[in-house]
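Summary of structural features
The chain contents come next:
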Amino acid sequence: MSAARTVARGLPMEPGVYRFRDEAGKVLYVGRAVNLRRRVLSYWTHLGDRPRLRRMVERIDRVEAAWCDSEHEAAWLERNLLEHSKPRWNRTKGGQEVVGYIRYDEGPRRPELRFAHLVTGPAQHFGPYLGGVRIRLALSALHRVLPLAYSGTTNGSAREFAELFGIGPADRETLARTAIAVLERDPAAVTALRAELERRRDRAAAELRFEFAAKLQEEIAGLDWIVAEQKVSWLEPRDADVYGWADDVLVHFQVRAGRMCKWTQRAATSSVARDRVAATPALWQPFAQRNAELAARLLRG
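Residues numbered from 1 in each chain as written. Predicted model: local features only at pLDDT ≥ 70, side-chain atom pairs only at ≥ 80, totals over all residues. Heavy atoms only, no water.

Turning to the sheet that holds strand 7 (residues 240–246), a few remarks are in order. Pairing is antiparallel across the open sheet formed by 3 strands, whose spatial order is 7-8-9. Either end of the sheet is taken by a strand with one partner, and the two such strands are strand 7 and strand 9 (259–267). With direction set aside, neighbouring strand axes in the sheet form an average angle of 15 degrees. Sheet analysis places strand 8 (residues 249–256) next to strand 9, joined by 8 bridges and oriented antiparallel. Of the residues in strand 9, the one forming a bridge with Arg256 is Arg259. (Pairing = 2+ DSSP bridges. Helix = DSSP H or I, 4+ residues; strand = E, 2+ residues; numbered from the N terminus. Axes fitted to C-alpha atoms, helices over the stretch in contact; angles between N-to-C directions.)

This is the structure:
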């Protein structure tokens, strides 16, 4: 059993990004995983008839990993890293998912939440998110429980639907405030919306409306995706240097123009690391410390 494979057994069973290096320290491949340990170990056990990857595995000397707080965060970190620098064994420079946003138009005639490919105009935007299908499923979940689009002042069919829902212009502010709270990941708002979707799903299943129940489950999954913690890609073009240190290993994540796009680690004493770690913004400190401890553990392994 190779040393790299042995080290991989110490990876967490959590989402994240992994990186393989050769004996010279050159990055061979960057990937992401829902379960880091299972995914990385699969390179030694489940390659089947993939001779290209087998050739790469023979060159792996070291395994590195960044432990993320959600699958969505891992997807974004992988994309950002690959857009910044594509290793030889990766086929594409970035991810395959569509990048999208949720736009809130607050006009009194027809206020609504909708999918947007770009941030344009003065309207409020949320995101960025990865995956057009997941974003649209999340929007469907929001519209189902919070029919904001029917709280405007329009007439015709929209007014008829509003009457069916029992809402009107007087409800617009409350519906908008609740939807925005969900998109801003307010725990109480997210929990309440998810509970209502689950209630409707379970009722549909009890009534043997299984296709509708499955549709609601897909919407719940879409909602979970967009409200999961994700701090490696931002709307605001902020810059930051994120450092974590443990057992003489200094990990550095570079954030530029709102994207965490570079990840390095090196040996460093506590005196060298102290000021850098202290200057790391509070938002990233738990992430950085956890990954410094993981890096040290993998190096020891």
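On we go.
Looking now at the environment of Gly301. Take Gly301: it is sitting in the segment after helix 11 (285–300). According to the relative accessible area criterion, Gly301 is exposed, its value standing at 61%. Spatially, the C-alpha atoms of Gly301 and Ala141 are 45 Å apart, while their sequence positions differ by 160 residues. (Buried < 20%, exposed > 50% of the residue type's maximum accessible area, 1.4 Å probe, protein only.)

The interhelical angle for the contact between helix 7 (residues 172–183) and helix 8 (residues 187–206), taken along N-to-C directions, is 105 degrees, at an axis separation of 7 Å. Overall, the two elements helix 7 and helix 8 adopt an arrangement that is roughly perpendicular. Contacts between helix 7 and helix 8 involve Thr178, Ala181 and Val182 from the former and Ala189, Val190 and Leu193 from the latter. (Parallel < 35°, antiparallel > 145°, perpendicular 65-115°, else oblique. Contact = heavy atoms within 4.5 Å.)

The next subject is unusual backbone geometry. Geometrically, the link from Gly127 to Pro128 is a cis peptide bond, its omega value of 5 degrees lying close to zero. Within the secondary structure, Pro128 sits in strand 6 (residues 124–130). For Asp247, which is not a glycine, the phi torsion comes out positive at approximately 50 degrees. Even without glycine at this site, Ala257 takes up a positive phi of about 55 degrees. With respect to the helices and strands, Ala257 occurs in the loop between strand 8 and strand 9.

On to the sheet that holds strand 4 (residues 99–105), then. For sheets, the rule is that strands pair by backbone hydrogen bonds, running either parallel or antiparallel. With respect to topology, 3 strands assemble into an open sheet ordered 5-4-6, the strand pairing being antiparallel. Across the chains shown, the open sheet's two edge strands, defined by having one partner strand only, are strand 5 (112–116) and strand 6. The mean inter-strand angle of the sheet, taken between neighbouring strand axes irrespective of direction, is 20 degrees. In the sheet, strand 4 pairs with strand 6 via 5 bridges, with the strands oriented antiparallel. Bridging from a neighbouring strand, Val99 pairs with Leu130 of strand 6. On top of the sheet, helix 5 (residues 132–145) reaches strand 4, strand 5 and strand 6; it is set at about 175 degrees to strand 5, its chief contact.

As a further point, take a positive patch on the surface. Together, Lys26, Arg54, Arg55, Arg59 and Arg88 make up a positively charged patch on the protein surface. Counting through the fold element by element, Arg59 comes out in the loop between helix 3 (51–57) and strand 3 (62–67). Residue Arg59 is classed as partly exposed on the basis of its relative accessible area of 42%. (Patch = residues over 30% accessible without salt bridge, like charges linked within 9 Å, V, L, I, M, F, W, Y side chains within 5 Å. Areas by Shrake-Rupley, 256 points an atom, 1.4 Å probe, with all protein chains shown as cover. Salt bridge = Lys/Arg side-chain N within 4 Å of Asp/Glu carboxyl O. Lys, Arg positive; Asp, Glu negative; His and termini not counted. Charge placed at Lys NZ, Arg CZ, Asp CG, Glu CD.)

Another point: helix 5. Counted at 1.5 Å a residue, the expected span for helix 5 with its 14 residues is 20 Å, and the 20 Å between its end C-alpha atoms agrees. Inspection of helix 5 places Gly132, Ile135, Leu137, Ala138, Leu139, Ala141, Leu142 and Val145 among the buried residues, and these make up the whole buried set. Looking at the packing, one finds that the buried side of helix 5 touches strand 4, strand 5, strand 6, helix 7, helix 8 and helix 9 (210–227). (Expected span 1.5 Å × (residues − 1).)

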